[in-house]
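If you want the building blocks of each chain, they are given just below.
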Amino acid sequence: MSLEEKNLPFDEYIYNDKWRSRTIDIKTYWEYHKKSVENLEEFWASIARELEWFRPWEKVLDASNPPFYKWFVGGELNLSYLAIDRHVKTWRKNKLALIWEGEPVDQTGYPTDRRKFTYYDLWREVNRVAYMLRNNFGIKKGDRITLYLPMIPELPIAMYAAWRIGAITNVVFSGFSADALADRINDSQSRLVITADGFWRRGKVVRLKDIVDKALEKAPSVENVIVYKRLGLNDVPMTEGRDWFWDKAMAGVPHNAYVEPERIESTHPSYMLYTSGTTGKPKGIVHDTGGWAVHVYATMKWVFDLRDDDIYWCTADIGWVTGHSYIVLGPMLMGATQVMYEGAPDFPQPDRWWSIIERYGVTVLYTSPTAIRTFMRFGEEWPRKHDLSTLRIIHSVGEPINPEAWRWAYTNLGYQNVAFGSTWWMTETGGIVISHAPGLYLVPMKAGTNGPPLPGFEADVVDDNGKPVPPGVKGYLVLKRPWPGMLQTIWGDPERYIKTYWSRFPGMFYAGDYAIKDKDGYIWVLGRADEVIKVAGHRLGTYELESALISHPAVAEAAVIGIPDPIKGEVPIAFVVLKQGVAGTDELRKELRQHIRNTVGPIAEPAQIYFVTKLPKTRSGKIMRRLLRAVATGAPLGDVTTLEDETSVEEAKRAYEELK
Ligand code: WTA
């Protein structure tokens, strides 16, 4: 757990001049909230009506087969139409939709690669790409396509093109390895992969297509690969008949191509995104079309309060869920202008982000606690070099924000005059669930809280028996009613969907997080209650890292845990049992770390590897990661009655102390 449970400022209300007039007291908020959940269907319908449907829904919520809830049943819509065509028909036609900044800079530190798109530019491009996918590659409704792309405009463009024709996108984070990519392609049975030759990261070239080639050795479902030349590398190996550079792929596509947006049923999947859970391989979380659109639209208004003169910037990568909902879909549903940045936050200097905010006059910022803690370490002289006074709203996401980091950002980025919250949600929820809502009714801020659940969401904290805990007591976070953006299922594994989320507490969605409610009903999420680790906000499963380690010829057994880290929130460490006769050298440690980088991705590299001869296990053979965590954090061991061999813990302790 990364947040210090004691000393949380439960009772400290924070107000400022800019937001005081929008702030209401918490009692008034709860009255409003109560009405929203009591009339759940009418509440969500009133928001859904603000979007444009090709065909209205017949039923807001079909709860006849729980937990397979269906939203806006009978309705038809198209995300590409809603996000683009709708604005092109208005004065927003030539409003800037996207300002993209590549990483490279000139000698003076000024960006050299910039592209800007109006809504009309995007409309034309999306139509051309949709035409290409349909006519040149035969992609049709329901087909899965895998997008393995860096943060360049072609990623959202390709997603809109796919959604225009009803294809289901499967975006894979460009930091994942060939093995991880192959798993995700295979499980989704994708016919097509769209990628790039490479991209810039901290001044270095990352060669993406090479990774795709490696993945495709193990992924036979892929018929074609489209390669966008981000860097213009001239030594990209291309497989004849399978691989096409973007311009070749576009052969025969008219400049003014138009593809009628398909009428997509509200319950038809729009995207799948793989995420880590407690056990087993990453699971493909499937989201619908209509419910997701309504959820994202509502939260965009409430949480980000976007107006036409805002410049919005979400610093997440589209490879994670935050980028899906709050870069690709959300701001465009609102007709907003947004900034997208390709590279590292500290390139060429630690003030890159602040220069971006200043350059475009960013008003609404969505970022992560890890980023904020990294900048804290660089020092406040870096934000001070820039005028950040345009900012009026900041939110963070991905992991708990510690009160110190919150205060630092509130002061040094927000000049103590912004609305600033920590939005809780997860890949499975499809959009924000617990958050401050300056666009609706702002309740007083507190440093580090997630705030109350948004209207239309019933979240609670319960004990082991599913009973609500009193204020101040730690319990499990649950959602007690279905919500529009909720996952539909796990791709190809409905049983696992039921088991993972709906079996722990019958009738409630189990989020897998520990949380505390305070006396005002604000929720403070503390961290994961399972074997998921959040490394710099990125969600990883211990299982993936363990199976990666075991795939190395020197390793017999491995246990991975997450331990607190002052910057990244959590980092993985591994306890490894080597095969007979293999020596546990520093050299091997290095090799295993590299092995994880290659098989999962660089973000998963363990901070340390400890060699032991046995792992603490129960008598039935289950690894007791809890005890390893206690060893590494110095916490009490707790109940050890099920432990098979106590010397295993002693040994882990010695191994840990040795490398301290
Ligand atoms: C954690 C990211 C505390 C939580 C959108 C959750 C948070 C997991 C917050 C989901 C927050 C996300 N405060 N914890 N504001 N936001 N989390 O699927 O543990 O990558 O269960 O979705 O991130 O991670 P995921």
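See the structure above.
These numbers come from a predicted model, not from an experiment. (Residues numbered from 1 in each chain as written. Predicted model: local features only at pLDDT ≥ 70, side-chain atom pairs only at ≥ 80, totals over all residues. Heavy atoms only, no water.)

Caption draft 1: Here's a closer look at the sheet that holds strand S19 (residues 393-396). Pairing is mixed in the open sheet, where seven strands are placed in the order S5-S4-S17-S16-S18-S19-S20. For this open sheet the edge positions go to strand S5 (114-118) and strand S20 (419-422), each flanked by a neighbour on one side alone. Sheet twist, expressed as the mean angle between neighbouring strand axes with direction ignored, is 15 degrees. For strand S4 (residues 96-101) and strand S17 (residues 337-341), the ladder comprises four bridges, and the chain directions are parallel. The residue bridging Leu98 from the neighbouring strand is Gln338, located in S17. Lying on the sheet, helix H11 (residues 321-333) is in contact with strand S16 (311-314), S17 and strand S18 (364-367); it crosses S16 at an angle near 165 degrees. (Pairing = 2+ DSSP bridges. Helix = DSSP H or I, 4+ residues; strand = E, 2+ residues; numbered from the N terminus. Axes fitted to C-alpha atoms, helices over the stretch in contact; angles between N-to-C directions. Contact = heavy atoms within 4.5 Å.)

Caption draft 2: The site of the ligand, seen in detail. Around the ligand, 18 residues are found, and the nearest of them are Thr427, Asp513, Arg528, Lys534 and Arg539. For the ligand, a nitrogen atom lies 2.8 Å from a polar atom in the backbone of Thr423. The side chain of Arg539 places a nitrogen or oxygen atom 2.6 Å from an oxygen atom of the ligand. Counting residues per element, the ones that place at least two in the shell around the ligand are H11 and strand S25 (523-528). Taken together, the residues of the shell around the ligand sort by class into seven nonpolar, six polar and five charged. (Near = heavy atom within 4 Å. Polar contact = N/O pair within 3.5 Å; in protein donor to acceptor, adjacent residues only side chain to side chain. Nonpolar A, V, L, I, M, F, W, Y, C, P; charged D, E, K, R; others polar.)

Caption draft 3: The arrangement of the pairing of strand S21 (residues 459-462) in detail. Judged by which residues are buried, S21 turns out to be covered on both faces: Ala459 and Val461 on one side and Asp460 and Val462 on the other are all buried. By the bridge criterion, four bridges tie S21 to strand S22 (residues 475-479) in an arrangement that is antiparallel. If you follow Ala459 over to S22, its bridge partner there is Leu479. (Buried < 20%, exposed > 50% of the residue type's maximum accessible area, 1.4 Å probe, protein only.)

Caption draft 4: Representation of the sheet that holds strand S23 (residues 489-490) within the structure. Strand order in the open sheet made by the eight strands is S12-S11-S8-S6-S7-S14-S15-S23, with mixed pairing throughout. Two strands in the sheet have a free side with no partner beyond their single neighbour: strand S12 (243-245) and S23. As paired elements, strand S7 (residues 168-171) and strand S14 (residues 271-275) share two bridges and run parallel to each other. Its bridge partner lying in S14, Asn170 is registered against Met272. Sheet contacts for helix H7 (residues 178-188): strand S6 (144-148), S7, strand S8 (192-196) and S14; angle to S6, the most-contacted strand, approximately 165 degrees.

Caption draft 5: Representation of the nonpolar core in the model. Trp44, Leu133, Ile194, Trp302 and Phe304 are the most contacted members of the largest nonpolar core, which has 123 residues in total. In terms of residues, this core owes the most to one element, helix H10 (residues 290-304), which gives 10 residues. If we skip the residues at most four places from it in the chain, Trp44 touches Trp71, Phe72, Val294, Ala298, Trp302, Pro455, Gly456, Phe457 and Pro484. If you look at the next biggest cluster of nonpolar residues, it comprises 43 residues, including Ala180, Ala182, Ala219 and Phe245. (Core = buried A, V, L, I, M, F, W, Y, C linked by side-chain atoms within 4.5 Å.)

Caption draft 6: Structural context of the side chain of His595. By the element assignment, His595 lies in helix H18 (residues 586-599). Within polar-contact distance, the side chain of His595 engages the side chain of Ser551 at 2.9 Å. In contact with His595, not counting residues within four places along its chain, are Ala548, Leu549, Ser551 and His552.

Caption draft 7: Here's a closer look at the pairing of S19. Covered by surrounding structure in S19 are Ile393 and His395 together with Ile394 and Ser396, the residues of both alternating faces. Relative to S19, S18 runs parallel, the two being bridged by four bridges. Across the sheet, Val364 pairs through a bridge with Ile393, a residue of S19. Relative to S20, S19 runs parallel, the two sharing four bridges. Along S20, the bridge assignment pairs Ile393 with Ala419.

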